[in-house]
Amino acid sequence: MNALAGISESSVTEWLNASIDGASGPYEWEMIAGGHSNLTFLVTDANGRRLVLRRPPLAHGLASAHDMAREHRIISALHRSAVPVPMTLGLCEDSDINGAPFYVMDYIAGHVLRDVASAEQLLNEQSRARASESLADTLAAIHQVDLDAVGLSDLGRHEDYLARQLRRWYGQWEQQRTRDLDLIDNVHHELVANLPEQGPATIVHGDYRLDNTMVDDDGNVCAVLDWEICTLGDPLADIAMLAVYWTGPTDEQSAWESGATTATGFWNRHQLIERYAATSNRDLGDFDVYLAFANWKLACILEGVYARYLGGALGERDTAELEPFKRQVDAAATAAATLLNVI
């Protein structure tokens, strides 16, 4: 590895020259900020052409979440749908090239909004409102994709999505937890015993939120990113995750502390949910159960990130910098338990 961890410069340069039409080295490499799992790099070739390279983290966590061939397949398929995604350009499954498989896609110009400062600097109030609307509409578009038409009907099992998710993330919790937290166990037990009936399966992004998309200057979603835990299942789990990630200007703070959507102009949580329901024409059913699941899942996800940071897999961090992860895990678990009255 060169000084930029995650890129073996010489061998990746050779692969890019041979595998990506029109690409020409030498290349400049830059890790794109954000994300705590798969690593994303901006690659600029000798002619100024910009590409994006995705690879697994340096220390793997959940193996299926770092399957580059699967992620490449999903994005390639969705490029034939109404869902805005980058165009994929190449997949390398030979781990000898870069220590792990990776894929390359086109760079899309746009904004990733991770905090209030960037939201206020890059979008005006009207554009923030449009971003709220576009985010809900784009999620509805994801759930309306014809699985057979894009060739993704065999991406995963269609039935029992929540049950599968509970098994998967509880297993992750047991494997990666840094401490005992009874609320996680109590909520898991309650959800297993009271799962809502699932309707027809759709694509489920699994981690859909504002900063996993790119928006243009007007607030339109121009790319949906981070498909690493995408599968097939219950679409209501996706809108519930978005609601848990979202704190609008007039909303009570959610367990997720990213504050971009608190900027004036963004919709509140209820408006976002109602827009999705209207655009998708879906009955949201017993939505509190989905919100409880989403909070519980967020706690499990963040505990995994926290554990990987403690283990040094995601770079060195001062202990004080890690405290927000622990705090958000506790808050998400408490929110889930409160929704199910098992607090």
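Note: the structure precedes this text.
All values reported here derive from a predicted model rather than from experimental measurement. (Residues numbered from 1 in each chain as written. Predicted model: local features only at pLDDT ≥ 70, side-chain atom pairs only at ≥ 80, totals over all residues. Heavy atoms only, no water.)

**Section: the sheet that holds strand β4 (residues 88-92)**
Taking strand neighbours across the sheet as the criterion, the five strands line up as β1-β2-β3-β5-β4 in an open arrangement whose pairing is antiparallel. Two strands bound the open sheet, and with one partner strand each, they are β1 (28-31) and β4. On average, each strand axis in the sheet is tilted by 25 degrees relative to the strand beside it, whichever way the strands run. Looking at chain direction, β1 and strand β2 (residues 39-44) are connected through four bridges and run antiparallel. When the sheet's bridge partners are listed, Glu28 is paired in β2 with Thr44. Contacting β3 (50-55), β4 and β5 (102-106), helix α2 (residues 68-78) crosses the sheet at an angle of about 165 degrees to β4. (Pairing = 2+ DSSP bridges. Helix = DSSP H or I, 4+ residues; strand = E, 2+ residues; numbered from the N terminus. Axes fitted to C-alpha atoms, helices over the stretch in contact; angles between N-to-C directions. Contact = heavy atoms within 4.5 Å.)

**Thoughts on unusual backbone geometry**
Pro26 follows Gly25 through a cis peptide bond whose omega is 5 degrees. Its location among the elements puts Pro26 in the loop between α1 (9-19) and β1. Despite not being glycine, Asp160 shows a phi value in the positive range, around 55 degrees. Relative to the helices and strands, Asp160 resides in the loop between α6 (147-150) and α7 (161-176).

**Describing the packing of aromatic side chains**
Here the structure, examined in full by the defined rule, presents six aromatic pairs. When the centroid spacing of 5.8 Å and the interplanar angle of 90 degrees are considered together, the rings of Trp246 and Phe266 count as edge-to-face. In this pair, Trp246 sits in the loop between α9 (235-245) and α10 (269-280) while Phe266 sits in the loop between α9 and α10, placing the two residues 20 residues apart along the sequence. We note that Trp246, like Phe266, is buried. When the ring of Tyr309 is compared with that of Phe325, the centres are 5.3 Å apart and the planes differ by 45 degrees; the resulting orientation is tilted. Of the two residues, Tyr309 is situated in helix α11 (residues 287-310) and Phe325 in helix α12 (residues 319-339); the sequence distance between them amounts to 16 residues. Between the NZ or CZ atom of Arg209 and the centre of the ring of Tyr245, over which it lies, the distance is 4.9 Å. (Phe/Tyr/Trp six-rings, centres within 6.5 Å; stacked < 30°, edge-to-face > 60°. Buried < 20%, exposed > 50% of the residue type's maximum accessible area, 1.4 Å probe, protein only. Lys NZ or Arg CZ within 6 Å of the ring centre and 35° of its normal.)

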